[in-house]
Each structure stands twice: as C-alpha cells, then as structure tokens.
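Listed below, chain by chain, are the residues.
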Amino acid sequence: MKTFYITTAIVYPNSDPHIGFAYEQICADAIARWHRLLGEEVFFLTGSDEHGAKIAAAAKKSGKEPKEFVDEQVKKFTAIAKTLNLTHSRFIRTTDKDHEKIAKEIFQKVFEKGDIYKGSYAGLYCVGCESFLTEKDLVEGKCPIHQTAPQAIQEENYFFRLSKYEKQVLDLLENGFFEPKERVKEIVNRIAKNGLQDLSVSRPKTNVAWGIECPFDKNQTIYVWFDALLNYVSGAKTGKKDFWPADIHIIGKEISWFHCVIFPAMLLSTGLQLPKKVFAHGWLTVNGQKMSKSLGNVIDPNYLCKKYSTDVLRYLLVREIPFGQDGDFSEAALKTRNNNELANELGNLVNRTIVMIEKYCNGKIPKAKTSAELEKALNLKKIEEHMEKLELHAALSEIFAFIASCNKFINDKAPWKLKGKELEEVLFSLADSIRIISILVSPFMPSASEKINEQLGVKSGLLKDCKFNLLKAGTTIKKSEILFKKIE
Ligand SMILES: [Zn+2]
C-alpha cells in the first residue's frame, strides 16, 4: 500500500487556537483525506512546540510551571481538533519523551559529525519568533512580524555549520522542494544577499532553562527550533512503522526559512532523507485587517463551528482563499457562500432528488443508467489534477461546477412532467451523481458527505468509486433534514 505522510507546523501553545490555526489544519486535513480516498495509507501529524523562552515567559505570566502551563494549553488544541473534524494520526508534543530522546540523539550525531561547534553569539534575538535576527531583518528597529524590538544577546553557545550546506540548499530550492514558486525567490534572494551564516543552536541554561538539555553539555539547552523541526522525524515513528520522509510539510509562509533552509541542512548533516516538499500557505486577515489581540479581531474557531457548522467553516476557508496566497476571512463571505453554494446548490440538489425518489419511486433507487449528459459534465481528471497541485479551491470550484450541472439537469428535464423509463433515468442519474459528489466533497465537508450517504443508503466510497452506474437499483433512500440551512 502506498503511504502518504503529511504534517502541519506544530503550534506554539502560548495562546489559544485562532482562525489561522484552523485554516492550516483544515487544508492539511482535506489533503490527508483526499489521499485516503486515493487508497493510500495516510499518516497525518500535527502537534505542539512546547520549549523555549516564549513558552517559559507565557507560563510565568500565568503563574504556572512551563509543563503545567503547556499541559493545560494543549488540551484546547486537541479539543478544537475534534471540533474541526481533523483526522490526525498523532498529536506530538515536543515534551513527549520519545521526541526528546530522538532530538538529543540527532543533536549528538550532528555534533559528532563536526557540524556543531562551540562559539559565542553577540546579536539580536526576537523571542516572539524564537529567532536570531540581524540589523537587516529589522524594520525601524523592530521585528517586522512582532513589531517589537529584539533583545540584544551576548552568550556562549553552540553553532551549527549551516554555511556548509549553502549549495545543497540552493539546489533543493531550484528543484521544486518549496512551493508556491513565487516564494522561492524570497528565500534565494536572502541567501544571495547575506550568504548562509552558521546558526546558534543552543542557549545557556542560565538564559533559557526550559528546553531539551544538550547531550554533550549540561549547561546548555538545544535551540527550540532545532528541537521543534525534529518533531517531523520523531513523530513519524509509530513503533510499527517509520513514515519518514514526509511527502509534504504544510506551513505558514512566515516560517519558510526554518523549513526550507535550516531543516534540510540539519537533515543533510545527519544523513537522514529529506522531505519531498514544503508548501507554504499565506496569511489570513479578518475583514481586511491583520489579526491581532489589540484590534480584538482574533476569531475563535469554536465560535464559528458552533454558530454555523464545522463543515461550513471548512468549506469557506478552503473555497475562499487560493491555497498558497494570502486571503481574507469574513463572516459575510461565509454567509454568502453558505447560502449560494451550500444551501442553494449542494443542499438543494440532494433534497430535491431525495424528495422526488420518495414521491415517484416509492423511496427506492430505480433501475436505469446515468444519462451521458451528466457523465460528460463531471471532469474528474481536472479535479484530481487540482488536488495534485494543491489547488484546493480550484478542485472545490470544479466539484461545484458539476453540482450546478446536476441542478441544471433537473430544471431542463423537469422530472415532475416525466413518466416511466424517462423519469427513472433522470432520477437514477441524479442519485448516482450525488453518490459521486458525496465522495468528492468528503475531504472538505466530511459530515455533509456522511449525511448524504445515509440519505442515499450507501457506504462511503473511494475515488475509484467515482465511476458512474455503480449505484445499486432497489436501494432504499432515507429522507432526513436538509443539509445546509440558509443564514439570514
Ligand atoms: Zn519576531
């Protein structure tokens, strides 16, 4: 069986889950579910990044020990993962013992290879980024992401020979390791401008105690990013199987440098295989504004799932924003798409079809063949191509084009005016098409897909079942409540 290993970035549990977390997770979950439809064995990893100065500071602020603090925070993320209907294979925490052990072993290995050496660091550090910055990175003296002035640090620590891997990293970047392509240039330019400098990969315990202890120097802790990136390696070992290397890492664009430069260099040093691809999605704004606590526009996905539904939120986020680009979230857009696309198109198609089968066929799927007209309206190949290229929004758009064709088919054929074989052919065609639609929408709206299957009296299918005329005549349908309510 072909395997597919996908990851998201691991979250910093220093604050609560917000819509940006939901966005990355939902997109990755849709990709994971799509690969299950392809019949592959999918390993889907997410988790939390629990070490470092930022977490220690957040814990202190709330009057807790770091571990106690992250234990409580992580519960919020595992809870929202359930609410969002995410299908993780594992939620790895960087405080998990197996992870800490593997991170130490790899750090030791890089050291023994001669790629880690002792030095002293004098420079700038942004605790928000958990990253060393140079003057060139600053905008008006501040970190451009966090809008805060970095700390000036002078300390003894260990360095990783990142510079040694410059050529290999550039080769990777030129050969499709990182997508979307537009973002590759930013990284390549940054390397061209400054060259790859060796990276400080440990902190003295006196400055950062909350971290994994350096295996060859008990006065140092491993730099939080070095530790965190290795979650993808340690989390892939299930005990029975090792899924490494990843097929794809889904990340936010702000951490591209760590995933496309530092991580591959670390792996090259250890001799571990490289992941096949890193894909960076864009940033979300809310109602056109950057999300921030001070603006009070940080949206809790729990609120949206409760007020609307998880499926509606999943659909909106994937459909509204071309994957890889920046995008905007608004409840107005959610309502519009819910009403026009989910309620009027998908919900209406299912409801009308089920009602007619009940009324004209005694609630049983009639014996007939799907009309060639509808068969032609489904461009399955195009949907598959979009998913392969991670054009998730375009795949959904194509699926909904087919849904629109089915609705048009009802209007054109006006089954209420038909009788006998003609009527049966129209109703069978519709039910058979809905069965296929249910499979195709399942990665995006898993609950709606299940409800459609229940109504049609069918089991969930795989992509190979997206062939026409597989629906069994005589199957009893089961009418139930409408799939999507209109929002006023
Ligand atoms: Zn920062």
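As shown above, the structure is provided for reference.
Structural notes, computed from the coordinates. This is a predicted model, so every value here is computed, not measured.

### Some words on the layout of surface pockets
- Roughly 550 Å³ of volume is contained in the second largest pocket.
- As for the second largest pocket, its lining consists of 24 residues, and the residues nearest its centre are E179, K277, E388, K389 and L390.
- At the level of secondary structure, the elements contributing two or more residues to the lining of the second largest pocket comprise β1 (3-8), α1 (19-37), α6 (181-194) and α14 (380-388).
- Residues belonging to the lining of the second largest pocket are distributed by class as follows: nine nonpolar, four polar and 11 charged.

### What to know about the sheet that holds strand β8 (residues 199-200)
- What the four strands build is an open sheet, ordered β5-β4-β6-β8; its pairing is antiparallel. Single-partner strands in this sheet number two, and they are β5 (131-133) and β8.

### A look at the sheet that holds strand β3 (residues 90-93)
- If you trace the six strands from one edge of the open sheet to the other, you get β3-β2-β1-β11-β12-β7, paired in parallel fashion. Because the sheet does not close on itself, it has two edges, and the strands there are β3 and β7 (178-179).
- The sheet contact formed by β1 and strand β11 (residues 248-252) spans three bridges and is parallel. Looking across to β11, one finds that T7 is bridged to H249.

### Here we look at the side chain of S330
- Summarising the element assignment, S330 is placed in the loop between β15 (327-329) and α12 (331-361).
- Polar contacts involving the side chain of S330 include one to the main-chain amide nitrogen of A333, which spans 3.1 Å.

### Considerations on the pairing of strand β2 (residues 41-48)
- Counting buried residues along β2, seven of its eight residues qualify, which places the element largely inside the surrounding structure.
- Alignment of β1 against β2, held across five bridges, turns out to be parallel. Across the sheet, the residue bridging to T3 is E41, located in β2.
- Remark: the β1/α1/β2 crossover connection has right-handed handedness.
- Across four bridges, the pairing between β2 and β3 is parallel. Residue pairing in the sheet places G47 in a bridge with I92 of β3.

### Brief notes about the packing of helix α4 (residues 97-112) against helix α9 (residues 256-270)
- Where α4 meets α9, the closest approach of the two axes is 9 Å, and the angle between their N-to-C directions is 70°. It follows that α4 is roughly perpendicular to α9 by the angle criterion. Between α4 and α9, the residues in contact are I106, K109 and V110 and M266, S269 and T270, respectively.
- Residue composition of the contact of α4 with α9, grouped by class: three nonpolar, two polar and one charged.

### Observations concerning the coordination of the zinc ion
- Protein-derived ligands of the zinc ion are C126 (SG), C129 (SG), C143 (SG) and H146 (ND1), with the metal-ligand distances lying across 2.1 to 2.3 Å.
- Here the zinc ion binds four donor atoms, and the angle range of 99 to 115° at the metal identifies the geometry as tetrahedral.
- Here the donor residues for the zinc ion map to a single chain with the spacing C-x2-C-x13-C-x2-H.

Cut-off values and rules
- Residues numbered from 1 in each chain as written.
- Predicted model: local features only at pLDDT ≥ 70, side-chain atom pairs only at ≥ 80, totals over all residues.
- Heavy atoms only, no water.
- 1 Å grid on protein atoms, 1.4 Å probe; cavity = no way out; pocket = protein on both sides within 12 Å on 5 of 7 lines; lining within 4 Å.
- Points joined across faces, edges and corners; volume = space filled by probe spheres on them.
- Helix = DSSP H or I, 4+ residues; strand = E, 2+ residues; numbered from the N terminus.
- Nonpolar A, V, L, I, M, F, W, Y, C, P; charged D, E, K, R; others polar.
- Pairing = 2+ DSSP bridges.
- Polar contact = N/O pair within 3.5 Å; in protein donor to acceptor, adjacent residues only side chain to side chain.
- Buried < 20%, exposed > 50% of the residue type's maximum accessible area, 1.4 Å probe, protein only.
- Right-handed = clockwise from strand over helix to strand, strands pointing away.
- Axes fitted to C-alpha atoms, helices over the stretch in contact; angles between N-to-C directions.
- Parallel < 35°, antiparallel > 145°, perpendicular 65-115°, else oblique.
- Contact = heavy atoms within 4.5 Å.
- Donors = N, O, S within 2.8 Å, 3.2 Å for Na, K, Ca; no water.
- Tetrahedral: all angles 85-135°; square planar, octahedral: opposite > 155°, others 65-115°.

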